[in-house]
Amino acid sequence: MSDLSESAIRSALSDVIRGEAIAAIVIDDGNIGIVLDFGSDKPTDAAAVRARAEAAVKAMPGVASVNVVMTAAKTPPAMPSGGMKLGAHGTPPPPKPTTIPGVRHVVAVASGKGGVGKSTTSVNLALALRDLGLSVGILDADIFGPSLPMLLGITEKPSLKDGMIQPILSHGVKAMSIGLLIDNDQPVVWRGPRVMGATQQLLKEVAWGPLDVLIVDMPPGTGDVQLTMVQQATLSGAVIVSTPQDLALIDARKGLAMFRKVNVPILGIIENMSSYLCPACGHEAHIFGHGGAAEAAAELDAPFLGGIPLDMKIRLSADEGKPIVESAPESPEAAAYKRIAKAVAASLSVVPA
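Residues numbered from 1 in each chain as written. Predicted model: local features only at pLDDT ≥ 70, side-chain atom pairs only at ≥ 80, totals over all residues. Heavy atoms only, no water.

Extensive coverage of strand β10 (residues 211-217) is indicated by the burial of 7 of its 7 residues. Bridging between strand β4 (residues 103-110) and β10 involves 6 bridges; their strand directions are parallel. Opposite V109, over in β10, you have D217 as the bridge partner. The pairing of strand β5 (residues 136-140) with β10 spans 5 bridges and is parallel. Note that in β10 the partner of G137 across the bridge is L214. (Buried < 20%, exposed > 50% of the residue type's maximum accessible area, 1.4 Å probe, protein only. Helix = DSSP H or I, 4+ residues; strand = E, 2+ residues; numbered from the N terminus. Pairing = 2+ DSSP bridges.)

Following this line, the structure appears as structure tokens:
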């Protein structure tokens, strides 16, 4: 039997990579995932280093595939002759966002806090846009708590072709997550620069195109990933997800304000867990309140995209890797996501090919 232990793989890499740069190794039935973290000293020949690392491990008996992900802290640019033009507070100006090759629109789905069902909403929104005849991708940008593999039922590991990570096609949408590159039980213990580097790689080093829309499932809050996203990618708009309760709406307002501050259009606000319909008696209850997101949208001069009910079927289908838009496309719950998708597509002026 071949020895595919972590120590054996590290030994195979010893002539190619210094040991401290190997941040993580995942072994899954002959499929090997490796995360290389070079800190602030990323090699100039990164593509060649990655190729050598993959070749070294692929030569091991029992290895079926190898995928190497590289991350590094960004080093400050060298001071040009005549000095550097600084921003208003004496700091270098942020990088200008650029388009992603082959992607027409990038839409961030965000929330100010966790636990509001943003990831489930992102996945079902992506599938509902697919049902409109659009080519769609979804990027799980939550580096510390990736959920996309479970929500889409993905167990396959990404491959590498011509130096680009190949997204996984699941339910007709292209998907990528750091959770596909590391073990589910392995925590990501990275500081801000590493997180920003990984986010940039998932944006720019994945073969996304051609796509009409790339949905980005953002982590909660307004931290490093959000900053990297708005600095690196030209966003066509943002969708804010909140529950009706006041606490969630307070944080949702912060998220909305962040996108407006960097001139990202707000496509609208979604009220998740808007109402609960008892399956036994048909009584409608408002467990988390009702209408708060619509009121906040009116106050903030943002479109209200609609409400999503609190329903056990949405949760169960997500846990099974078959989101409600896929598993029960004719259900009232799927219809709610599809109405929102039509509104988002109209805001983007997307016409299916």
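What follows covers the pairing of strand β11 (residues 237-242). Most of β11 is tucked away: 6 of the 6 residues are buried. Pairing between β4 and β11: 4 bridges, direction parallel. What sits directly across from V107, in β11, is G237. Relative to strand β12 (residues 266-271), β11 runs parallel, the two being bridged by 5 bridges. Each residue of the ladder has a partner; that of V239, found in β12, is G268.

Applying the stated rule across the entire model yields 10 salt bridges. The residue D131 makes a salt bridge to R130 at a minimum N-O spacing of 2.8 Å. Classification of D131 by relative accessible area gives partly exposed; the value is 37%. For D319, the salt bridge goes to R315, with nearest N and O atoms at 2.8 Å. Here D319 and its partner R315 are both found in helix α9 (residues 312-319), 4 residues apart, which amounts to about one turn of the helix. (Salt bridge = Lys/Arg side-chain N within 4 Å of Asp/Glu carboxyl O.)

With that out of the way, let us pick up the sheet that holds β11. Strand order across the open sheet formed by 8 strands is β8-β9-β5-β10-β4-β11-β12-β15, with mixed pairing between neighbours. The two strands at the open ends of the sheet, each matched to only one other strand, are β8 (168-170) and β15 (304-307). The sheet shows a mean angle of 25 degrees between the axes of neighbouring strands, direction not considered. Bridge analysis of β5 against strand β9 (residues 173-177) gives 4 bridges, and the strand direction is parallel. (Axes fitted to C-alpha atoms, helices over the stretch in contact; angles between N-to-C directions.)

Next up on the list: the environment of V68. With respect to the helices, strands and loops of the structure, V68 is situated in strand β3 (residues 65-71). Taking C-alpha positions, V68 is 6.6 Å from E54, a pair spaced 14 residues apart along the chain. What V68 contacts, discounting residues up to four positions off in sequence, is I34, L36, R50, A53 and E54. (Contact = heavy atoms within 4.5 Å.)

To continue, consider the side chain of D142. Following the sequence through the fold, D142 ends up in the loop between β5 and α4 (148-152). Within the buried core, D142 has no salt-bridge partner, and the shortest N-O distance to an opposite charge, that of K118, equals 5.4 Å. Setting aside its immediate chain neighbours within four residues, D142 contacts I178, D217, P219 and P220. (Lys, Arg positive; Asp, Glu negative; His and termini not counted.)

Here the focus is helix α3 (residues 118-131). Its 14 residues place the ends of α3 20 Å apart at the C-alpha level, agreeing with the 20 Å of an ideal helix rising 1.5 Å per residue. The buried fraction of α3 is high, at 13 of 14 residues. Positive backbone phi, approximately 95 degrees, marks G133, located one or two places after α3. (Expected span 1.5 Å × (residues − 1).)

L129, I138, W208, L214, I215, L235 and F259 are the most contacted members of the largest nonpolar core, which totals 83 residues. Take this core: its biggest share by element is 8 residues, from helix α11 (residues 332-348). The residues contacting I138, other than those within four sequence positions of it, are S122, V123, A126, L148, L152, V173, K174, A175, M176, W208, L214 and I215. Core analysis: the next-biggest nonpolar cluster, separate from the first, contains 21 residues, A8, L36, V57 and V68 among them. (Core = buried A, V, L, I, M, F, W, Y, C linked by side-chain atoms within 4.5 Å.)

So, on to the confidence of the model for the protein chain. In regions of low pLDDT, the predicted coordinates are not meant to be interpreted in detail. Per-residue confidence for the protein chain averages 79 on the pLDDT scale, and 76% of its residues sit at or above 70. Low pLDDT (under 50) marks residues 74-92, which in the prediction has 13 contacts with non-local residues, meaning those over four places away or in another chain. (pLDDT = per-residue confidence, 0-100.)

This next bit is on the packing of α3 against α11. For the pair α3 and α11, the least separation of the axes is 8 Å and the interaxial angle reads 70 degrees. By the angle between their axes, α3 is roughly perpendicular relative to α11. Across the interface between the two elements, T120, T121, N124, L125, A128, L129 and D131 of α3 pack against Y337, K338, I340, A341, V344 and A345 of α11. Considered class by class, the residues forming the contact of α3 with α11 number 8 nonpolar, 3 polar and 2 charged. (Parallel < 35°, antiparallel > 145°, perpendicular 65-115°, else oblique. Nonpolar A, V, L, I, M, F, W, Y, C, P; charged D, E, K, R; others polar.)

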